[in-house]
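# Examining the three-dimensional arrangement
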Amino acid sequence: MDNLIFIQSLTQKVCAILSFISNSLLIQLVLYRSPDGVGMYKYLMVYISAFELLYAFLGLIVQPEFYSYSSVILVIARTDRFGLPVWIIRVINTLFCNMFGISMAMFTIHFIYRYCVIIGSPMIRMDSAFKVCIWFLSPILYGFVWGIFLVGTLGPSESTNIVLGERFLPFRHITIDQITYVGPNYYTRDLNGTETLNLIVCGGMAGLTIMVTISFATISMFAYKCYKGVGNLLHESQHSEGYKILQSQLLNMLVVQVTIPFVLMHGPASFMFTGPILHFGNEIAGGLFCIAVAVYPVLDPLPTMFMVQHYRQVLKEMIKKKTKFDGNKFREWSINFTFQKRDWKI
């Protein structure tokens, strides 16, 4: 278990650095090297990358442990790693958990936007404050509601503290005052060890489940609409071939981009957060889930950079420019080195 904890911490640090690099590069590509057909959509793509930069930054500060045992699954943050006050760590940890909900809302908005582009809706022009709020503030509002469920129903409790005192704290040589956490403990336990189903926690998880279901249903519906719309677009003559190909590539990119968090986070989380109600919580599964969550912001920019031909070509040109062998400079360096060596011998 100590090895798994070390791997989690190392993965979080390495992936945070790689995420800063990949998302910063993508932001530069999208803002300054986008083809004309991308239009205002480039700002939504930058929105995703900025979100993932913030997500990686919060993860680096918190370095959360996803701890699962019996009836609990918790996102635990420790104060002994950065020496910050517990209330600051609690706020950052809650924001980090909010990112899970915001990510689903962001991808939902993106599929809706792609469909509006395909059908030529005036909503894509963002020429009013109302339209800007719809596209950019809706995920934040969704995350606010998600946060209400987290803080109101899934916060610390005495029953959870007992479980942590028995199973988590002794193996990490810390006290309950040095951690803060968010997550469900489906059962309360009295002094006699009798367990009772925690209805408040169950209600909070039911609310989050409904929100997840709505997001997935909306994504599925608009993904299908986009697929059909792109098929019709490819047979129309009023648009250029380049425009049609670009819209197809952007849709494929978005499908892969939403598949990555689903495979790494949303799908596994559905099992991770429902298993403990049957006492199926598992520490190793929690550790592996923690690693998957850390990897997500590194992988998610890659479909945009490599599946959209224009960005892929720009990257190739950048790599060639950086690695191009300059024979004249090499000969000049060799001559200078030779003279320096002779001078040293003298």
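Residues numbered from 1 in each chain as written. Predicted model: local features only at pLDDT ≥ 70, side-chain atom pairs only at ≥ 80, totals over all residues. Heavy atoms only, no water.

Going by an unreviewed UniProt entry, the protein carries the name Seven TM Receptor and comes from Caenorhabditis remanei.

## With respect to the overall build of the protein
Selection rule: By the criteria applied, helices consist of DSSP H or I runs no shorter than four residues and strands consist of E runs no shorter than two, each listed in order from the N terminus. When checking whether two residues touch, look at their non-hydrogen atoms; a contact exists if any pair is within 4.5 Å. Surface accessibility follows the Shrake-Rupley procedure with a 1.4 Å probe radius. Residue values consider only the protein chains on display as shielding.
Helix and strand content of the protein: eleven helices and five strands. In terms of overall dimensions, the protein has C-alpha extents of about 80 × 75 × 35 Å along its principal axes. For the protein, long-range pairs separated by at least 24 residues make up 77% of all intrachain contacts whose partners lie at least 6 apart in sequence. Summed over all atoms, the accessible surface of the protein reaches about 18200 Å², with 67% contributed by carbon and sulfur.

## Structural notes on the nonpolar core
The cut-off we apply is this: Residues enter a nonpolar core if they are buried and are Ala, Val, Leu, Ile, Met, Phe, Trp, Tyr or Cys, with the set joined through side-chain atoms within 4.5 Å. Relative accessibility under 20% of the residue-type maximum defines a buried residue, over 50% an exposed one, and the middle range a partly exposed one, all with a 1.4 Å probe and only protein chains included.
One finds Tyr-41, Leu-44, Tyr-113, Trp-135, Trp-146 and Tyr-296 to be the most contacted residues of the largest nonpolar core, which totals 82 residues. At 18 residues, the largest contribution of residues to this core is made by helix α3 (residues 86–119). Apart from residues lying up to four places away in sequence, Tyr-113 is in contact with Met-40, Tyr-41, Leu-44, Ile-124, Met-126 and Trp-135. Listed in part, the eleven residues of the second largest apolar core include Val-72, Leu-74, Ile-76 and Ile-174.

## So, helix α6 (residues 199–234)
The criterion, for reference: A helix is expected to span 1.5 Å for every residue after the first. Contacts described as polar in this section are N or O atom pairs within 3.5 Å, which, within protein, must combine one atom able to donate a hydrogen with one able to accept it, while residues neighboring in sequence count only if both atoms come from side chains.
Here α6 is 36 residues long and its end C-alpha atoms lie 52 Å apart, about the 52 Å a rise of 1.5 Å per residue gives. Its side-chain oxygen placed 3.2 Å from the backbone nitrogen of Ile-200, Asn-198 serves as the N-cap of α6.

## Looking at the packing of aromatic side chains
Centre-to-centre distance and the angle between the planes together describe a pair of aromatic rings. The cut-off we apply is this: Aromatic pairing here means that ring centres of Phe, Tyr or Trp (its six-membered ring) are within 6.5 Å. Orientation follows from the plane angle: under 30 degrees is stacked, over 60 is edge-to-face, and everything else is tilted. Criterion for a charge above a ring: Arg CZ or Lys NZ at most 6 Å from the ring centre, at most 35 degrees from the ring normal.
Enumeration according to the criterion identifies eleven aromatic pairs in this entry. Seen from their ring centres, Tyr-47 and Phe-136 are 5.1 Å apart, and the 55° between their planes marks the pair as tilted. In this pair, Tyr-47 is assigned in helix α2 (residues 41–62) and Phe-136 in helix α4 (residues 129–153), connecting sequence segments 89 residues apart. Accessibility classification places Tyr-47 together with Phe-136 in one group, the buried group. Measuring from centroid to centroid gives 5.1 Å for Phe-66 and Phe-289, while their planes differ by 85°, and the two rings are edge-to-face. Here Phe-289 lies in helix α8 (residues 283–299) and Phe-66 lies in strand β1 (residues 65–69), a separation of 223 residues in the sequence. You'll find Phe-66 and Phe-289 in the same group, each marked buried. Members of the aromatic cluster, connected to one another through ring pairs, are Phe-51, Tyr-55, Phe-96 and Tyr-296. One residue, Arg-114, lies across the ring of Tyr-41, its end atom 4.4 Å from the ring centre.

## What about the sheet that holds strand β2 (residues 72–78)?
Heads up, the rule is: By this definition, two strands are paired if DSSP reports at least two bridges between them. To get an axis, a line is fitted to the C-alpha atoms, and for a helix only the part in contact is used. The angle between two axes follows their N-to-C directions and goes from 0 to 180 degrees.
On the basis of which strands lie adjacent, the open sheet formed by three strands has the order β1-β2-β3 and antiparallel pairing. Each edge of the sheet is formed by a strand with only one pairing partner; in this case those strands are β1 and β3 (179–182). If you compare each strand with its neighbour and ignore which way they point, the axes differ by 35° on average. Bridge analysis of β2 against β3 gives four bridges, and the strand direction is antiparallel. Its bridge partner lying in β3, Val-75 is registered against Val-182.

## Quick look at the UniProt feature "transmembrane region" (unreviewed entry) in the protein
Applied cut-off: UniProt positions are given in the numbering used here, feature names are shortened, and annotations may be inferred rather than shown by experiment.
When the UniProt feature table is mapped onto this chain, "transmembrane region" (unreviewed entry) is found at residues 6–32, 44–62, 87–113, 134–154, 197–224, 245–264 and 284–308. Helix makes up 100% of residues 6–32 and strand 0%, whereas the separation of the span's terminal C-alpha atoms amounts to 39 Å. Structurally, residues 197–224 comprises 93% helix and 4% strand, and the distance from its first C-alpha atom to its last is 40 Å.

## Some thoughts on the confidence of the model for the protein
For clarity, the threshold we go by: Within a predicted model, pLDDT stands for the predictor's per-residue confidence, ranging from 0 to 100.
Mean pLDDT over the protein: 85, with 92% of residues reaching 70 or higher. Confidence scores differ between elements of the protein, with helix α11 (residues 327–345) showing the lowest mean pLDDT of 51 and β3 the highest of 94. A low-confidence stretch, residues 341–346 (pLDDT under 50), is modelled with zero contacts involving residues beyond four sequence positions or located in other chains.

## Quick look at the pattern of salt bridges
In plain terms, the rule: Only one rule defines a salt bridge in this text: a Lys or Arg side-chain nitrogen within 4 Å of an Asp or Glu carboxyl oxygen.
Applying the stated rule across the entire model yields five salt bridges. Among the salt bridges present, the one from Arg-172 reaches Glu-65, with a minimum N-O distance of 3.0 Å. Here Arg-172, found in the loop between α5 (158–167) and β3, pairs with Glu-65, found in strand β1; they are 107 residues apart in sequence, far enough to count as distant. For the pair shown, Arg-172 and Glu-65 are each scored as buried. For Asp-80, the salt bridge goes to Arg-78, with nearest N and O atoms at 2.9 Å. When its relative accessible area of 36% is taken as the criterion, Asp-80 is described as partly exposed. The buried category is assigned to Arg-78, whose relative accessible area is 12%.

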